[in-house]
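Remarks on the overall topology
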Amino acid sequence: MKKRWLALGLSAAMTVGLLSGCGGDSKESAAPGNSTAPVESAAAAGGSVYFLNFKPEQDEQWKEIAKTYTQATGVPVTVVTAASGQYETQLMAEMGKTEAPTLFQVNGPVGLNNWKDYCYDLSGSDIYKNLTSEDFALKNGDEVAAVAYVIETYGIIYNKALLEKAGYTQDDIQSFDDLKRVADDIQARKDELGVKGAFTSAGMDGSSDWRFKTHLANLPIYYEYKADGISSTDAIKGTFLDDYRQIWDLYITDATCPGSELSAKTGDDAVAEFAGGEAVFYQNGTWAYDDVKGLGDDNLGMLPIYIGADGEANQGLCTGSENYWCVNKNASPEDIQATLDFINWCVTSEEGTTAMAESLGFVIPFQSAKETTNHLVAISNEYVASGKTSVDWCFSTMPSEEWKNGLGTALTIYAADPTDANWQGVVTAFVDGWAAEYKLANG
């Protein structure tokens, strides 16, 4: 897995940009068709597209792309966006309707397992042929069931000016011990430095908790898989949960608020704290660029998420994808063709690739991709170019959304009262919860 993402990251990341999930309500938009441009065959045949979007923070951008496509082709494109954390629930509800989505998403092999019987075989499609590597596709036997349409990166975004004001640079932070030393010092001097904390609030509201029950939890999973030479498991051992605890302790101690307040803190709170100069560090990804770019590109940096594991001095940022397009094979032939035409336009046409790179800020794993203007992507490219080892997105192997929710609840309880007994609740949710949910998901 590591070698695969390093190789693919270098080929994709050096040519193109990214994103992942925040909160929001379910939203819908149908793009009107008033085109004088040439009409695609799908339009003439009466085909249309219904895209159930996974990313609430990109609802407006996808609506605009849908509108542009309709104006160019005459093909109606409807975009419906699920609320944060509700995608699977809404997808199940929508698939039971007569007018089901023609285009939907899965987050990786585990997600595909739930929906493989609905997936149109993309092996002969133009979009599959345009991938920079077959490793960006998910297969169901000999069929190509899904293709990744964005490669993303996350870590600890930091404010360079505030870090330098505290007397440090990125060169001073090459391990967890370094990060803790710097963060502890900033926290102790927060009034002098004019900040509320070293880290933004680690909100455990539904708009923010995915950063910790999924993205942060990826680190102990990654290092366990690496140590055991595996890429998935039916029974996680929790080998690196002590390391997980120490980074979580740092997040909830050297922060802008007490741990007892985290259950009500939101993603918007964290953004406001970082963008407002109230915190130096903010765990998030390249998709958060629009939220933080007001600080200025020269003032933005990214650190790996160090947890204290051996060899982390050579660790890079966390890079991968949980965003795979699937075409509904139960749609009408006209709608299937319309959907194939739409996604191929997104990743090959001048307007489509420009929108993916600039409007959405994506790094897309396709041969026609354009370079993004997202500065956080440029930073992630520098890590790859310098030879740092990217951390794989192993959270696509998490057994279920219920597992994540159980872990999130345990982390919240521990944050409010960080005792050994409450940490044991985290360990139980992580290890025992994994085995139980894997068994349920796999019969």
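Up top is the structure.
What counts as what
- All residue numbers refer to position in the chain's written sequence, counted from 1.
- The predicted nature of this model means local features are confined to residues of pLDDT at least 70 and side-chain atom pairs, given and counted, to a pLDDT of 80 or more, with totals for whole chains, interfaces and linings taken over all residues.
- Computation of side-chain values covers all heavy atoms of the structure but excludes hydrogens and water.
- In this analysis, rings of Phe, Tyr and Trp, with Trp reduced to its six-membered ring, are considered paired at centre separations within 6.5 Å, and the interplanar angle assigns stacked below 30 degrees, edge-to-face beyond 60, and tilted for intermediate values.
- Under the scheme applied here, a residue whose accessible area is under 20% of the maximum for its type counts as buried, over 50% as exposed, and between as partly exposed, the area being computed with a 1.4 Å probe on protein chains only.
- Definition of nonpolar core: a set of buried residues of the types Ala, Val, Leu, Ile, Met, Phe, Trp, Tyr and Cys, connected through side-chain atoms within 4.5 Å.
- Only DSSP runs of H or I covering at least 4 residues are called helices, and only runs of E covering at least 2 are called strands; the numbering of each starts at the N terminus.
- For two strands to be treated as a pair, DSSP must find at least two bridges joining them.
- For helices, the axis comes from a line fit to the C-alpha atoms of the stretch in contact; other axes are also lines fit to C-alpha atoms, and the angle between any two N-to-C directions lies between 0 and 180 degrees.
- Any angle that is under 35 degrees is reported as roughly parallel, and any over 145 degrees as roughly antiparallel; angles of 65 to 115 degrees are reported as roughly perpendicular and all others as oblique.
- Handedness of a crossing is defined here by the sense of rotation of the near helix relative to the far one, left-handed for an anticlockwise turn of less than a right angle and right-handed for a clockwise turn.
- Whether two residues are in contact is decided by their heavy atoms, any of which lying within 4.5 Å being enough.
- Gly is put with the polar residues, along with every residue not named as nonpolar or charged; the nonpolar set is Ala, Val, Leu, Ile, Met, Phe, Trp, Tyr, Cys and Pro, and the charged set is Asp, Glu, Lys and Arg.
- Grid points spaced at 1 Å over the protein atoms alone were grouped into cavities, where a 1.4 Å probe fits but cannot get out, and pockets, open sets with protein on both sides within 12 Å along at least five of seven lines, with lining residues defined by an atom within 4 Å of a point.
- Grid points are joined across faces, edges and corners, and a volume is the space filled by probe spheres set on the points.

Let's shift gears to the packing of aromatic side chains. Under the counting rule described, the total for this entry stands at 27 aromatic pairs. Judged by centre distance (4.9 Å) and plane angle (75°), the rings of Tyr 222 and Tyr 223 are edge-to-face. Take Tyr 222: its relative accessible area is 3%, and that puts it in the buried class. Through a chain of ring-to-ring contacts, the aromatic side chains of Tyr 244, Trp 403, Tyr 414, Trp 423, Phe 430 and Trp 434 assemble into a single cluster.

This paragraph deals with the nonpolar core. Note that soluble globular proteins tend to have their nonpolar side chains buried in a common cluster. In this structure, Ile 186, Tyr 244, Ile 247, Trp 248, Phe 281 and Phe 430 are the most contacted members of the largest nonpolar core, which totals 79 residues. Counting 60 residues, the second largest nonpolar core, distinct from the first, contains Ile 65, Val 106, Val 144 and Ala 145.

Judged by how many residues are buried, strand β7 (residues 152-159) sits mostly within the fold: 8 of 8 residues are covered. In this sheet, strand β11 (residues 315-320) lies alongside β7 in antiparallel orientation, the contact comprising 3 bridges. Looking at the pairing, Tyr 154 lines up with Cys 318 of β11. Pairing between β7 and strand β9 (residues 279-285): 5 bridges, direction antiparallel. Of the residues in β9, the one forming a bridge with Tyr 154 is Gly 285. Across 4 bridges, β7 lies against strand β10 (residues 300-303) in antiparallel orientation. Residue pairing in the sheet places Tyr 158 in a bridge with Gly 301 of β10.

We now examine the environment of Ala 235. The residue Ala 235 is located in the loop between α11 (218-228) and α12 (241-253) in this model. Sequence separation between Ala 235 and Glu 437 is 202 residues, and the spatial gap between their C-alpha atoms is 9.8 Å.

A few words on the packing of α12 against helix α19 (residues 420-441). Where α12 meets α19, the closest approach of the two axes is 11 Å, and the angle between their N-to-C directions is 125°. With respect to α19, the element α12 is oriented oblique. The chirality of how α12 crosses α19 is right-handed. Between α12, through Leu 241, Tyr 244, Arg 245 and Trp 248, and α19, the contact on the second element is made entirely by Asp 420, Trp 423, Val 426, Val 427, Phe 430 and Val 431. When its residues are assigned to classes, the contact of α12 with α19 shows 8 nonpolar, no polar and 2 charged.

Another aspect to go through is empty space enclosed by the protein. By volume, the second largest cavity amounts to about 40 Å³. Along the walls of the second largest cavity sit Phe 199, Thr 200, Ser 201, Ala 202, Arg 211, Phe 212, Tyr 251, Phe 281, Tyr 282 and Gln 283, which together make up its complete lining. Listing elements by their share of the lining of the second largest cavity, those giving two or more residues are α10 (210-216) and β9. Broken down by element, the lining of the second largest cavity gets its largest block of residues, 3 residues, from β9. Grouping the constituent residues of the lining of the second largest cavity by class yields 6 nonpolar, 3 polar and 1 charged.

Those residues of helix α16 (residues 350-359) that sit buried are Gly 352, Thr 353, Ala 355, Met 356 and Ala 357. Structurally, α16 contributes buried residues whose contacts are with α3 (59-73), β12 (324-327) and α15 (333-348). Positive backbone phi, approximately 70°, marks Gly 361, located one or two places after α16.

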